[in-house]
Amino acid sequence: NLRDMADRVVLQPVREPNPAMVKHAFKCSITIMICALFCIAINWTMGIGCVETVMLVVQGTFGGTLLIGGYRMAGGVLGDARAIMLVIFLIPTVTMLPGFWLLFGGTLVLTSWGVAGPPRLGVPSLQAMIVVDFSLLQVTRPDISLLPAMNFSLAVAMGVLVTVAVYWLLWPVKAGKV
């Protein structure tokens with residue numbers, strides 16, 4: 001009964017905050033604010049991907065953050081390379097929708113295979129697919145502009161670099177007592 005459960009849900013005791021998690025949340029907030037303020041300051045509307053990167057990259061430890069950040073950057077580089085190859089060599093030969101879907105389907109199959117694997121394959125594969133999507137599916141027709149893919153890759157790199165700077169330089173992680 002909902003009335004019987006309401007008292008138990010609303011009247012839960014407040015738990016003591018975990019100091020390590022509060023520090024971690026504060027570092028994440030600082031990193032997100034630095035990225036957002038940078039994008040606002042230079043009027044970079046396409047750079048909001050750096051805030052998304054910070055939210056996806058931060059982990060409980062510096063090593064985990066660095067590892068996921070490296071995977072995301074590697075996926076961005078792989079996606080840029082794939083997008084450049086598609087735009088230079090294949091987009092000029094695609095004249096009808098079936099050819100475009102065949103081109104896009106091959107990229108989708110590669111990404112699905114990578115995402116189904118372990119995280120060291122899944123994160124870069126998904127990141128590469130996002131970059132290829134930005135380069136191929138930006139308007140109602142295939143376009144040869146790589147500007148959206150470049151903006152997103154730069155935003156990912158900036159998000160990773162700001163995260164590493166905050167976690168390593170501004171507020172370093174120190175080993176504590178176990």
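Not measured: the values here are computed from a predicted model. (Residues numbered from 1 in each chain as written. Predicted model: local features only at pLDDT ≥ 70, side-chain atom pairs only at ≥ 80, totals over all residues. Heavy atoms only, no water.)

1. Here we look at unusual backbone geometry
Applicable threshold: In this text, helices come from DSSP runs of H or I with a minimum length of four residues, and strands from runs of E with a minimum of two, each type numbered from the N-terminal end. Classification of residues uses two cut-offs on accessible area relative to the type maximum, computed with a 1.4 Å probe and protein chains only: under 20% is buried, over 50% is exposed, and between them is partly exposed.
With phi around 55°, N43 is a residue other than glycine that occupies positive phi space. With respect to the helices, strands and loops of the structure, N43 is situated in the loop between α2 (19–41) and α3 (49–57). Taking the relative accessible area as the measure of exposure, N43 reaches 66% and is therefore exposed.

2. Some remarks on the environment of T163
We count it as follows: In this analysis, two residues are considered to be in contact whenever any of their non-hydrogen atoms come within 4.5 Å of each other. Polar contacts, as counted here, are pairs of nitrogen or oxygen atoms within 3.5 Å of one another; within protein the pair requires one atom able to donate a hydrogen and one able to accept it, and residues that are adjacent in sequence qualify only if both atoms are side-chain atoms.
For T163, the position within the fold is in helix α7 (residues 147–170). What makes T163 buried here is its relative accessible area of 1%. The spacing of T163 and V57 is 106 residues in sequence and 8.1 Å in space, taken between C-alpha atoms. With residues near it in sequence (within four places) discarded, T163 still touches T31, V54, V57, V58 and T65. A polar contact is formed between the side chain of T163 and the backbone oxygen of G159, at a distance of 2.7 Å.

3. With respect to a nonpolar patch on the surface
Applied cut-off: To count toward a patch, a residue needs a relative accessible area above 30% and no salt bridge. Like charges then connect within 9 Å, nonpolar side chains (Val, Leu, Ile, Met, Phe, Trp, Tyr) within 5 Å. In this description, accessible areas are obtained by the Shrake-Rupley approach with a 1.4 Å probe, and a residue is regarded as covered only by the protein chains that are shown. Throughout this description, the term salt bridge denotes a Lys or Arg side-chain nitrogen within 4 Å of a carboxyl oxygen of Asp or Glu.
Taken together, I84, M85, I88, F89 and L90 make up a surface patch of nonpolar side chains, about 480 Å² in accessible area. When you line up the elements, F89 lands in helix α4 (residues 62–90). You can call F89 exposed: its relative accessible area is 53%.

4. Brief notes about helix α6 (residues 119–136)
The α-helix advances 3.6 residues per turn, and as a result positions three or four apart in sequence lie on the same side. For the record, the criterion: To estimate how far a helix should reach, multiply one less than its number of residues by 1.5 Å.
Over its 18 residues, α6 extends 25 Å from the first C-alpha to the last, a length consistent with the 26 Å expected when each residue adds 1.5 Å. Within α6, the full set of buried residues consists of G122, P124, S125, Q127, A128, M129, V131, V132, S135 and L136. Of the surrounding elements, those touching the buried residues of α6 are α4, α5 (97–115) and α7.

5. Here we look at the packing of α2 against α3
What counts here: Between N-to-C directions, angles cover 0 to 180 degrees, with each direction set by a line fitted to C-alpha atoms, over the stretch in contact for helices. Each angle receives one of four descriptions, namely roughly parallel if under 35 degrees, roughly antiparallel if over 145, roughly perpendicular if within 65 to 115, and oblique otherwise. As a working rule, the residues Ala, Val, Leu, Ile, Met, Phe, Trp, Tyr, Cys and Pro are called nonpolar, Asp, Glu, Lys and Arg charged, and the rest polar, with Gly in that last group.
Interhelical geometry of α2 versus α3 gives an angle of 170° and a closest axis separation of 8 Å. By the angle between their directions, the pair α2 and α3 is classed as roughly antiparallel. Of the residues in α3, those in contact with C28, T31, I32, C35, A36 and C39 of α2 are C50, V51, V54 and M55. When the residues that make up the contact of α2 with α3 are grouped by side-chain class, the tally is nine nonpolar, one polar and no charged.

6. Regarding the packing of α4 against α6
We count it as follows: The crossing is said to be left-handed when, going from far helix to near helix, the turn is anticlockwise and less than a right angle, and right-handed when the turn is clockwise.
Between α4 and α6, whose axes approach to 7 Å, the crossing angle comes to 40°. Put simply, α4 runs oblique to α6. Considering how the two elements wind past one another, α4 and α6 form a crossing that is right-handed. Within the contact between the two elements, α4 uses I68, Y71, R72, G75, G76, L78, G79, D80, R82, A83 and L86 and α6 uses P119, R120, V123, P124, Q127, A128, V131, V132, S135 and L136. Broken down by class, the residue content of the contact of α4 with α6 amounts to twelve nonpolar, five polar and four charged.

7. A short note on α2
With 23 residues, α2 extends 32 Å between its outermost C-alpha atoms, agreeing within 8% with the 33 Å of an ideal straight helix rising 1.5 Å per residue. Among the residues of α2, those classed as buried are H24, K27, C28, T31, C35, A36 and C39. Of the surrounding secondary structure, the elements contacted by the buried residues of α2 are α3 and α7. A positive backbone phi angle near 55° is found at N43, which sits one or two residues after α2.

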